[in-house]
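Results of the structural survey
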Amino acid sequence: MDFTFTDEQQMLRDSVSGFLTKNYDFDQRNEIVRSDTGWSRDIWRQFAELGLLGLPFPENQGGFGGGATETVAIAEPFGAHLLAEPYIACISLGGAAVAAAGNSDWLEKVMNGDAIAAFAYEEGRGTADPIQVTMQATPTDEGFILTGEKRMVLAGGEADILVVAAELDDELGLFLVDPSADGLSVTSYPTMDGRRAANIRFEAVLANSIMEKPGEAIRTLLDNAILAICAESVGAMGALMKQTAEYAGTRKQFGVSIGSFQVVAHRMADMKIAYNKARATLLYSAALIEAGEATQKDIAILKGQTGKLGREIGEAAIQTHGGVGMTDELSVSHYHKRILANDALLGSSEYHLRKVGTLS
Amino acid sequence: MDFTFTDEQQMLRDSVSGFLTKNYDFDQRNEIVRSDTGWSRDIWRQFAELGLLGLPFPENQGGFGGGATETVAIAEPFGAHLLAEPYIACISLGGAAVAAAGNSDWLEKVMNGDAIAAFAYEEGRGTADPIQVTMQATPTDEGFILTGEKRMVLAGGEADILVVAAELDDELGLFLVDPSADGLSVTSYPTMDGRRAANIRFEAVLANSIMEKPGEAIRTLLDNAILAICAESVGAMGALMKQTAEYAGTRKQFGVSIGSFQVVAHRMADMKIAYNKARATLLYSAALIEAGEATQKDIAILKGQTGKLGREIGEAAIQTHGGVGMTDELSVSHYHKRILANDALLGSSEYHLRKVGTLS
Amino acid sequence: MDIDFGSKLEDFRAEVGAFLDEAPTPAIREAGRKLTSVFAPFEQCMEWHQILHKKGWAAPSWPKEYGGTGWSVEQRYIFAEEYRKRDLPPLLPQSLGMVGPLLIDLGTEEQKEKYLPGILGGLDFWAQGYSEPNSGSDLASLSCRADADGDDYIINGSKIWTTYAHHANRMFMLVRTDNSGKKQQGITFLLLDRVDYEGMEIRPIVGLDGSPEQCEVFFDNVRVPQSGRVGEENDGWTVAKHLLKHERGGSAASPTLKRGLERVREAAKSTPSGFGSMMVDDPVFQRDMGELEADIASYEHFEKLAVSGHPMANDPSFPSMNKTMNSELVQRVSVMITRVTGTEAIPFQNEALRVGANVEPLGTDLDLVAMPYYLNSRATTIYAGSNEVQRDLIARTVGREG
Amino acid sequence: MDIDFGSKLEDFRAEVGAFLDEAPTPAIREAGRKLTSVFAPFEQCMEWHQILHKKGWAAPSWPKEYGGTGWSVEQRYIFAEEYRKRDLPPLLPQSLGMVGPLLIDLGTEEQKEKYLPGILGGLDFWAQGYSEPNSGSDLASLSCRADADGDDYIINGSKIWTTYAHHANRMFMLVRTDNSGKKQQGITFLLLDRVDYEGMEIRPIVGLDGSPEQCEVFFDNVRVPQSGRVGEENDGWTVAKHLLKHERGGSAASPTLKRGLERVREAAKSTPSGFGSMMVDDPVFQRDMGELEADIASYEHFEKLAVSGHPMANDPSFPSMNKTMNSELVQRVSVMITRVTGTEAIPFQNEALRVGANVEPLGTDLDLVAMPYYLNSRATTIYAGSNEVQRDLIARTVGREG
């Protein structure tokens, strides 16, 4: 058994981390989030140059063939820097969907940073499993017709292409939709964790099928996206732990640093335990996914534990910071909000931990 | 609103408490528990003399007409002294059943302390609700025939008369059974909290019906017994809190009393919060029962909260005591065991708290 | 023991319900529905305060002779229940729950005459100037100083976490008037009859939910009259401790918690559990709700014992226990709300939250408030003496229950 | 990253399974089924140790040159899984997990030669004499003293919580050899080659589960040879800290936790939930089990990262984190067991628990062990450095992960 990064993976991680430390500190990040677009095309272009946009895609499709470990290696720093750019939306979800469908035109644009692909999947209140998708695709002579609504489509408002998951003949299929298509209405909004998403209504929208009966493909896509989401959260958790330890070591009350109060110290010990559990599960799950041995239970454990432990850490960090932890000014609450938003995506910890119990 | 004891009730409480302090300290109690019978006929006789055995029964049946508050007033001290005598078994359950059935012969013997009545209800793994009783009563020419098994019948081994709950025509009925009846086999045992109970097998045992279609009567009986059980547990919780505070104030580690460690102090604060919640619910529930306004949800809240909060307090007390809390020698673990056993009786906190959620 | 269940109470309930159905304006109702905090939207909240005052119901817990209602405990709970049932905005606690009761207990006749009518009538809003950047849980270490100068004090320093100071027209505060002794000594309690003194500056702080609720208040040689002092100079810690009793004691908080659960259950009727049924019929949801409902019930019992005069309320740590229980239940309810709203709570919709905003929310009212309410509720275990400090206080009393 | 899933491992699993199916005697199996503690019934446990030793499998985590198996991490987990699946009694940790590895690391050649064979072979049982009545969490304050006298030490004082001392034939202990400096200085680590020295008395303590597992050991001028010292005189704290690493590190603990859940799930198949189905099909049970199973999985991942050499295990607080996680999971599993056994766990059946007892238990095997196991497991957060002390240690390292 070996759960360490290779030298190459460590270099990748360090380079992403170094890039973000230089170009994406908390103030820079906030400026980007508060801008009209909510994220930076400039950063995105540099991601393309660094090869990050093509990282997870197979070499025969023009990508760099990165696996689960590479995803972890870059997504942890993304979390630590509260990335606003739509990496998960456009690469782990939208791009992965066009890649899975073998659509090399769109994939190339995505990898070059020339197009944003969004994945329209969620239908409201946590579409945790593909079988919960209810939108129907109706075949007609001109193509497929989609009617219904997708919600919380990450980067849905700025997408150049939408990949929509919809039911066809009682099985899931993937469909390409032009965001300017007739019958489509897009309501775009910022999310509470500093990203952009959209609710999208479909009224008899024409769509191209790119994958019918995807079977395991869609499950694989979701599993990889869950890994990226969880890695991002674990990155945020690590940052929270570090910052809280630093604050507790310097903030004084009653004449001593608050970290010298045993209750505060034990809360930090619990944060560290939670972080190590979450990170161990993240790395172990990455190894399982890489070995092709991850079961649905393993994925549920990963998503469930990350959400639960992340919430514990976030709440502990705010409580330890006290008043300043309640402000928009400090990054603490922003990390917590990112963790909570990630928990809600693709099935909450409530959902997944219960699923673990049903899979036994 | 008023949730205080009247002067009379306070006197009753003080007298029971005083009697037990004098005659039933932890050493005396242990001697009694370790004796062959497991409880003291002598103490029982004195209970009769003090009027405790007739306390909850209506005056027109020769009792003292005590209500819910009187039950609380005596059962809290019972819990604080880890009473081994079968008050709940024989008075709150068995006696209450013969009283409800209007069987004055047995009730008189019970009130005089001349007979032990046991209530055979539980069928294993927590018979939390009368509708879960499955034992069938079959009418024949000579009387009713009972077949099946009752488990954890408190005082079942030393009972002079058994009141058995069994189904008759899809409704619950109460049946009197002579413990020496043919077809009855009684396996008696001590319980982990220092009481006696029995598993009782019925093979075509002849029984007299004393109450058919009892309707609300059996529910009232169980509600009152739950109140007594919970009061006993709250008494034990109070004793645990006091003892733990005392220990934490005197036990030294690292040169200071362990209570001066903030984590220990906060654990004690949590014990106190839990105790006050439990006691408030106990007193409030007693007032509701007395007013005839207690719903099934109220009873479920009482039993659920007492079990849950009691476990928290017991576990906290043991942890705070450390090694000595793990011994048979100190009363700490005995209180915890009583609280756990009471939690298991008539539906655990798991059962009741969930029931609260279904009753909304 | 005794609880009143008489039919007169049902008449009272009907009377309360009828008034609460009719009296609030649409904007007041909207403010209640959009509540994301203990502190309701200011403008509508004050408007509603004035309406309640006209009816004589602004301060049920005040002594009757000062304008209280004289209701029984049962009546007070009925009022609170009917009030919460309609999601009406709670009145702001700083004036009615804190400085008002304090003045009734410890104010001079002149102070009472000058200030109580405005407090009771909802004409004034008082900000609470306690915490400072370096004095949070360690409140007694405060350093914002007031130097006596003739009949005045000259204040220098700053206050922080001063809720709604940007809406306030008056302020009560703790200042340092002596540095020579123990830190608890040398503190003075002051009333400021206005907040626009020269040298005073109020800066709102944007909270983690994106809204400014708290403020920083800066004092640069601010001259205020000494007549605003409550109690003796340097005796402000005693005054503040007296007030904390009111701040932590909060009467009839359980109806708010129960209403929160009701809203969750209502939403659960149309929210799929993800396991084949609506959440409301899902056993796991029912169990979790049952557990929380039972714990809220125990808190309600605790609260009712206290307000009805049970000796449990005489425990010196009663205010701390009450604050700890209530704040942690508020947080648990807030988590339940985000659980039932799920991904629908993720959009950031601050504009739609504004009362009177012409912005359609993306989902239901509960979806709209869920996340801001959850986030804002993280403060309940921090403010008014962090729960760590409360547990320190409670621990000192364990085993001394008598 | 790499995890081996090869077919060779499945062959290994089959080999292990075949041996474990065949080798244990019925009494050994019974001892495993009646396990209510970390510490299995003594006699059968030692018998089983000897059988495993004959096979060469007594000490999988020992270096191969000292009699270890040389298995890969994967193999060690497979062994542990198959072992637990059959509910076989775990070997006692004091000898194999503590004093053995310590001697391998720090013992003299003479000590190794003298003691390792008996430890590895299961011929000796070593009691651990650490705690004293006034030195629990504050271990360094121990006062049981050893005075040098020629080639001997003369020991006076007492030890407590000495697990299975009444079964032991040897003992390792900490003694005070100097009082002049800091309390951590002046401690010496001693090996006692027997426990029946004149002046030594061992008294079992009845535990809250009704069984004697712990002992008190009294020393009244007990003369022991100085050759039993490990490390230098007054350097015993360093030695003990080294050993704590082994004590807290415990490899492959997760299979025990997983097996506990399996037994719960098995019992849940025939236990009514009280809500219309068997527990195993009950959503609430499934959720609670899922939550616990996932947390055990994270612990397993943590453990596997560590044994496979991930840098996470180099964190100075790793042993404390490991001990804290494992002990608290043990307790949660034990609560689950009492939940599934319900009222059937209430009878006190100590006689039926004895291996070889001719007493029919009232219910199932799990009913029989449930309550003693739950009660006994309360100790896991107390012994080997209470979890309070562990969290103190962990806290000191937070933010220094590098």
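Residues numbered from 1 in each chain as written. Chains lettered and ligands numbered in written order. Predicted model: local features only at pLDDT ≥ 70, side-chain atom pairs only at ≥ 80, totals over all residues. Heavy atoms only, no water.

**Here we look at the overall build of chain A**
Defined as follows: Secondary structure is summarised from DSSP: a helix means a run of H or I of at least four residues, a strand means a run of E of at least two, and numbering begins at the N terminus for each. Two things to know: the radius of gyration comes from C-alpha atoms, and the globule rule equals 2.2 Å times the number of residues to the power 0.38. Note on contacts: a residue pair is in contact if any heavy atoms of the two residues lie within 4.5 Å. This count recognises Lys and Arg as positive and Asp and Glu as negative, with His and chain-terminal groups excluded. Charge positions come from single atoms, namely NZ of Lys, CZ of Arg, CG of Asp or CD of Glu.
Secondary structure assignment for chain A yields eleven helices and nine strands. In terms of overall dimensions, chain A is globule-like: its C-alpha atoms have a radius of gyration of 20 Å, near the 21 Å expected for 360 residues. A separation of at least 24 residues holds for 74% of the contacts in chain A among residues at least 6 apart in sequence. Between the centroid of the 30 positive side chains of chain A and the centroid of its 48 negative side chains there is a distance of 10 Å.

**Regarding the interface of chain D and chain B**
Test applied: Reported buried area values correspond to the accessible surface (1.4 Å probe) lost by two parts on association, with both partners' losses combined. Salt bridges are defined by distance alone: a side-chain nitrogen of Lys or Arg within 4 Å of a carboxyl oxygen of Asp or Glu. Amino acids are sorted into nonpolar (Ala, Val, Leu, Ile, Met, Phe, Trp, Tyr, Cys and Pro), charged (Asp, Glu, Lys and Arg) and polar (every other residue, Gly among them).
Contact residues are listed per partner, giving 42 residues for chain D and 43 residues for chain B. Carbon and sulfur atoms supply 60% of the area that chain D and chain B bury against each other, a total of about 3,500 Å² over both sides. Of all residues in chain D, the largest losses of buried area upon contact with chain B belong to Leu-208, Phe-275 and Ile-346 of chain D, amounting jointly to 19% of the total for that side. At the boundary of chain D and chain B, one finds five salt bridges. Here Glu-350 of chain B ties to Arg-339 of chain D by a salt bridge, and the two come within 3.6 Å at their closest N and O atoms. When grouped by side-chain class, the residues that make up the side of chain D that touches chain B number 20 nonpolar, 14 polar and eight charged.

**Comments concerning the nonpolar core**
The condition that has to hold: Side-chain atoms within 4.5 Å link the members of a nonpolar core, which is a set of buried Ala, Val, Leu, Ile, Met, Phe, Trp, Tyr and Cys residues. Any residue under 20% of the maximum accessible area for its type is buried, any over 50% is exposed, and the rest in between are partly exposed; the area is computed with a 1.4 Å probe on protein chains only.
If you look at the biggest cluster of nonpolar residues, it comprises 325 residues, and the most contacted ones within it are Phe-47, Tyr-87 and Phe-119 of chain A together with Phe-47, Phe-78, Tyr-87 and Phe-119 of chain B. For Phe-119 of chain A, the residues in contact, after removing those within four places along its chain, are Ala-89, Leu-93, Gly-94, Ala-97, Val-153, Val-163, Ala-165, Leu-174, Ile-218, Leu-221 and Leu-222 of chain A.

**What to know about the domain arrangement of chain A**
All names here are of chain A. As a reminder of what qualifies: Each domain span listed reflects an automatic or database assignment of domains. Polar contacts here mean pairs of N or O atoms no more than 3.5 Å apart (in protein, one a potential hydrogen donor and the other a potential acceptor; neighbouring residues in sequence count only if both atoms are side-chain atoms).
Looking at chain A, the domain boundaries give domain 1 (7–116), domain 2 (118–214) and domain 3 (217–358). The centre of domain 1, based on its C-alpha atoms, is set 21 Å off from the matching centre of domain 3. At the boundary of domain 1 with domain 3, the tally comes to two salt bridges. Linking domain 1 with domain 3 are five residue pairs in polar contact (both at pLDDT 80 or more). Those elements that place two or more of their residues in the side of domain 1 that touches domain 3 are α2 (26–34), α4 (68–80) and α5 (87–100). For the side of domain 1 that touches domain 3, the element with the highest residue contribution is α4, accounting for ten residues.

**Regarding helix α5 (residues 93–106) of chain D**
Note: α-helices contain 3.6 residues per turn, so residues at a spacing of three or four share the same orientation. Cut-off, in case you're wondering: The span you would expect from a helix comes to 1.5 Å times its residue count less one. Note on bend: the value at a residue is the angle between axes fitted to the seven residues ending there and to the seven starting there.
Its 14 residues give α5 of chain D an end-to-end C-alpha distance of 18 Å, which sits within 8% of 20 Å, the value for a rise of 1.5 Å per residue. Bending of α5 of chain D peaks at approximately 30 degrees at the position of Val-99 of chain D, with proline Pro-101 of chain D no more than four residues after it.

**Examining the interface of chain D and chain A**
Facing 41 residues of chain D, the contacting portion of chain A comprises 41 residues. In total, chain D and chain A occlude about 4,000 Å² of area from one another, counting both sides; carbon and sulfur atoms represent 65% of this. For the pair chain D and chain A, the number of links is six salt bridges. Notably, a salt bridge pairs Asp-270 of chain A with Arg-391 of chain D, separated by 2.7 Å at the nearest N-O pair. Counting the contacts that link chain D with chain A gives 17 residue pairs in polar contact (both at pLDDT 80 or more). Broken down by secondary-structure element, the contributors of at least two residues to the side of chain D that touches chain A are α4 (73–85), α9 (283–307), α10 (318–341) and α13 (387–397) of chain D. Grouping the constituent residues of the side of chain D that touches chain A by class yields 16 nonpolar, eleven polar and 14 charged.

**Describing the domain arrangement of chain C**
Residues and elements named next belong to chain C. Considered domain by domain, chain C is made up of domain 1 (9–91), domain 2 (126–235) and domain 3 (253–397). Relative to domain 3, the C-alpha centre of domain 2 lies at a distance of 31 Å. On the domain 3 side, the residues contacting the six residues of domain 2 number seven residues. Summed over both sides, the interface of domain 2 with domain 3 buries roughly 560 Å², with 48% coming from carbon and sulfur. Looking at the side of domain 2 facing domain 3, the largest losses of area belong to Ser-137, Leu-208 and Asp-209, adding up to 75% of the total buried there. Across the contact surface, domain 2 and domain 3 share zero salt bridges. In this assembly, domain 2 and domain 3 are joined by five residue pairs in polar contact (both at pLDDT 80 or more). For the side of domain 2 that touches domain 3, the residue count by class is one nonpolar, three polar and two charged.

**Description of unusual backbone geometry**
Residue and element names in this part refer to chain C. Not every positive phi belongs to a glycine, and Asp-87 is a case in point at roughly 55 degrees. For Asp-87, the location among the structural elements is in the loop between α4 (73–85) and α5 (93–106). We classify Asp-87 as buried; its relative accessible area is 9%. In this model, Asn-234 sits at a positive phi of 70 degrees, which is unusual for a non-glycine residue. As for its placement among the helices and strands, Asn-234 is situated in the loop between β8 (229–230) and α7 (236–249). Given a relative accessible area of 28%, Asn-234 falls into the partly exposed group.

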